[in-house]
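Understanding the architecture of this molecule
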Amino acid sequence: MSSSDSGFASGTLQSILWERPTLHVLDQLVLPMEKKYIKVETVQDTFDVIRNMNVRGAPLIAIVAALGLASHLVVFANENSGNDGSFDKVLDFSITGIKKLRLSRPTAVNLFEAMDILEQLVESLKLDLNQSDKSEQEKVEAFVNEFVAKCEWMKDRDIADNLSMGNLGSEYLISKHYKTNADQSGKFSVLTHCNTGSLATAGYGTALGIIRSCYKANLGLDHVYCTETRPYNQGSRLTAFELDHDKIPYTLITDSMKTAPIKAIIVGADRVCANGDVANKIGTFQLSLIANHYGIDFIIAAPTTTIDLSLPSGSHIPIESRSSSEILTASGTLIENDSSSNRNNEKTPQRVSVAVAPDSFNVWNPAFDVTPAKYITAIVTETCVFLKDPATGEFDLSSCKK
Ligand SMILES: CSC[C@H]1O[C@H](OP(=O)(O)O)[C@H](O)[C@@H]1O
């Protein structure tokens, strides 16, 4: 089932709609031309919307996985309530769902952090409830309530992290006293890549959250350049849309353009390693080289749920390779076409894909690349801004250096 409205209501940009136990996700494959929510009812639905990138973004992937599993668990528990062995069935269902969702996308560590939390919760509740004198039905009810509450906690934690990161990152940017123009007015612009806003998280965003906070502070940031971010076009379809929606001055540019008058590049992350190497959307690494060539700051914004201290460096990060069709075609939306009008003769957008090369051409489509820590100026999280130790030139992500 999906609810849609063509064009854009002035409502807030909500990547997910959660009304326990029902989950709808905003279909990002048809944004910005169409606002359509998809109801996610099963673990398979959840896997599919993540795998197919109806929803995307490191934090959002984790939260949709958790809430999608929670939604299906409630229905499964109701269908099995009162039957013998229903508690064991619910435990098995949860573990099986967690294992399946771990396979949806490999690079963003947030997904695995969330699945680890849920797996540990299942194990601890299994022990506690089996040691209790509760009935089978009471065990199931207690388990489901705890599981769903934990998933809702992840959603709320993400929003809180983003707001905190926004403040810390804004303070950091302003502390740099960038002077872009001759009048030394302190006005400056930044560039961002891919989408790291409300559409990549449960709300507000990471790098785009910092941009939102800094712009609202009215202490310098007055323009944002965003790259289109081929092949999925997160920048042209999602980030430009978010900036337009928030009335933050922006300019959309191609991925190859590097002539913008910027003072910093600020991007998100899908996985930050122990040494500060970062996996992020393909094209990020070359931006870090450009930043270092021109001597401008290259800043990573990521909640601590994106930090993976188990990996010593970026060479250990699994990089997702996606379908060649995503590169061989440019997807868009057909607006002006008589055949696309509905029975009321209103123009309804139709999603179209146009071939940019024959499908016989050889393609390589890695969704991410790795930026070495040496090209990174700062890593902003919700708890602190990590800077390199001047003595070693290295990040120590186990402690915060403001
Ligand atoms: C807020 S982190 C978003 C992060 O995720 C994006 O990847 P994808 O759109 O493929 O999920 C991109 O790497 C962003 O930086």
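Since the model is a prediction, treat every value here as computed from it, not as a measurement. Residue numbers run consecutively from 1 along every chain, following the written order of its sequence. In view of the model being predicted, local features appear only for residues whose pLDDT reaches at least 70, and side-chain atom pairs are presented and counted only at 80 or more, with totals across whole chains, interfaces and linings using the full set of residues. Values reported for side chains reflect all heavy atoms of the structure, with hydrogen atoms and water molecules removed beforehand.

Digging into the overall build of the protein chain
Secondary structure elements follow DSSP: runs of H or I no shorter than four residues count as helices, runs of E no shorter than two count as strands, and numbering proceeds from the N terminus. Helices and strands together make up the secondary structure of the protein chain, namely 9 helices and 17 strands. Against the 2.2 N^0.38 benchmark of 21 Å for 402 residues, the protein chain shows a C-alpha radius of gyration of 22 Å, consistent with a compact globule. When its C-alpha atoms are laid out on the principal axes, the protein chain stretches across 75 × 65 × 45 Å. Each of the 402 residues in the protein chain was classed as buried or not, and the buried ones make up 52%. What makes two residues a contact is simply this: any of their non-hydrogen atoms within 4.5 Å. Residue pairs at least 24 apart in sequence account for 73% of intrachain contacts in the protein chain once pairs closer than 6 positions are excluded. Accessible surface computed for the protein chain: about 17,300 Å², of which carbon and sulfur atoms make up 52%. Separation of charge centres in the protein chain, based on 37 positive and 48 negative side chains, amounts to 4 Å. C-alpha atoms define the radius of gyration, and 2.2 Å times the number of residues to the power 0.38 defines the globule rule. Note on classification: 1.4 Å probe, protein chains only; a residue is buried when its accessible area is under 20% of the maximum for its type, exposed when over 50%, partly exposed between these limits. In these tables, accessible area is a Shrake-Rupley quantity obtained with a 1.4 Å probe, and a residue counts as shielded only by the protein chains included in the view. The charged-residue count follows a simple rule in which Lys and Arg add positive charge and Asp and Glu add negative charge, with His and chain termini not counted at all. Here the site of a charge means NZ on Lys, CZ on Arg, CG on Asp, or CD on Glu.

Side note on helix α8 (residues 284-294)
Inspection of α8 places T284, L287, S288 and A291 among the buried residues, and these make up the whole buried set. Down the axis of α8, the sector holding all buried residues measures 100°, keeping them to one side. In this structure, the buried side of α8 is in contact with β5 (188-192), β8 (264-267), β10 (278-281), β11 (297-301) and β15 (368-371). Looking at the residues trailing α8, positive phi occurs at G295, about 70°. What the arc covers is the set of directions going from the helix axis to the C-beta atoms.

Concerning the domain arrangement of the protein chain
By the assigned domains, the protein chain splits into domain 1 (16-159) and domain 2 (181-322 + 363-395). With 27 residues of domain 1 at the contact, the number on the domain 2 side is 31 residues. A simple way to read buried area is as the amount of 1.4 Å-probe accessible surface that goes missing from two parts once joined, with both sides added. At the boundary of domain 1 with domain 2, total buried surface from both sides reaches about 2,300 Å², with 54% on carbon and sulfur atoms. Among the residues of domain 1 in contact with domain 2, R56, T107 and V109 are the three that bury the most area, contributing 27% of the side total. The term salt bridge refers to a pairing of a side-chain nitrogen on Lys or Arg with a carboxyl oxygen on Asp or Glu at a separation within 4 Å. Linking domain 1 to domain 2 there are 2 salt bridges. One salt bridge in this structure joins E320 and R51, with 3.0 Å as the shortest N-O distance. In protein, a polar contact requires one atom able to donate a hydrogen and another able to accept it; more generally it is a pair of N or O atoms within 3.5 Å, and residues adjacent in sequence count only if both atoms are side-chain atoms. Linking domain 1 with domain 2 are 18 residue pairs in polar contact (both at pLDDT 80 or more), by the criterion used here. Where the side of domain 1 that touches domain 2 is concerned, the elements lending two or more residues are α2 (58-80), α4 (109-130) and α5 (136-175). Throughout this entry, Asp, Glu, Lys and Arg are counted as charged residues, while Ala, Val, Leu, Ile, Met, Phe, Trp, Tyr, Cys and Pro are counted as nonpolar. The remaining residues, Gly among them, count as polar. Per-class residue counts for the side of domain 1 that touches domain 2 are 15 nonpolar, 5 polar and 7 charged. These domain limits were set by an automatic method or by a database of domain assignments.

Brief notes about the UniProt feature "active site" (unreviewed entry) in the protein chain
Under the feature "active site" (unreviewed entry), the UniProt entry names D270. Looking at the secondary structure, you find D270 in the loop between β8 and β9 (271-273). With a relative accessible area of 8%, D270 lands in the buried category. Once residues within four sequence positions are removed from consideration, D270 is found in contact with A58, T107, A108, V109, N110, A279, N280, K281, T306 and F368. UniProt positions are given in the numbering used here, feature names are shortened, and annotations may be inferred rather than shown by experiment.

Thoughts on the sheet that holds β10
By definition, two strands form a pair when at least two bridges between them are found by DSSP. Taken together, 4 strands build an open sheet; the order of strands is β12-β9-β10-β15 and the sheet is mixed. For this open sheet the edge positions go to β12 (307-308) and β15, each flanked by a neighbour on one side alone. The pairing of β9 with β10 spans 2 bridges and is classified as antiparallel. Looking at the pairing, R271 lines up with A279 of β10. Sheet strands in contact with α8 are β10 and β15, and its direction is about 35° off that of β15. Geometry is summarised by axes, namely lines fitted to C-alpha atoms with helices restricted to the contacting stretch, and by angles between N-to-C directions that run from 0 to 180 degrees.

Description of the pairing of strand β3 (residues 22-26)
Extensive coverage of β3 is indicated by the burial of 4 of its 5 residues. Two elements, strand β2 (residues 16-19) and β3, share 4 bridges in a ladder whose sense is antiparallel. When the bridges of β3 are listed, E19 appears paired with T22.

Overview of the nonpolar core
Note on terminology: a nonpolar core comprises buried Ala, Val, Leu, Ile, Met, Phe, Trp, Tyr and Cys residues joined through side-chain atoms within 4.5 Å. V25, L118, F143 and F147 are the most contacted members of the largest nonpolar core, which has 52 residues in total. Sorting the residues of this core by element identifies β2, β3, β4 (34-40), α1 (43-51), α2, α3 (86-101), α4 and α5 as the ones contributing at least two each. Among the elements that line this core, the one with the most residues is α2, at 15 residues. Discounting residues that sit within four places of it in the chain, F147 has contacts with L69, A70, L73, S94, L118, L121 and V122. F188, I210, L221 and A301 belong to the second largest nonpolar core, which has 25 residues in total.

Considerations on the side chain of D369
Structurally, the position occupied by D369 is in strand β15. Buried within the structure, D369 lacks any salt-bridge partner; K281 is the closest side chain of opposite charge, at an N-O distance of 9.1 Å. Within the structure, the side chain of D369 is placed 3.3 Å from the backbone nitrogen of T284, a separation counted as a polar contact. A distance of 3.3 Å separates a polar atom in the side chain of D369 from the backbone nitrogen of F285.

Some details on the UniProt feature "site: Transition state stabilizer" (unreviewed entry) in the protein chain
As annotated by UniProt and renumbered to match this structure, "site: Transition state stabilizer" (unreviewed entry) occupies C194. Take C194: its relative accessible area is 6%, and that puts it in the buried class. Not counting residues up to four positions away in its chain, the partners in contact with C194 are R56, T227, T229, Q234, G235, T239 and K281.

Some remarks on the environment of K35
As for its placement among the helices and strands, K35 is situated in strand β4. Among the residues examined, K35 registers a relative accessible area of 11% and is labelled buried. Distance in space between the C-alpha atoms of K35 and C384 is 35 Å, their sequence separation being 349 residues.

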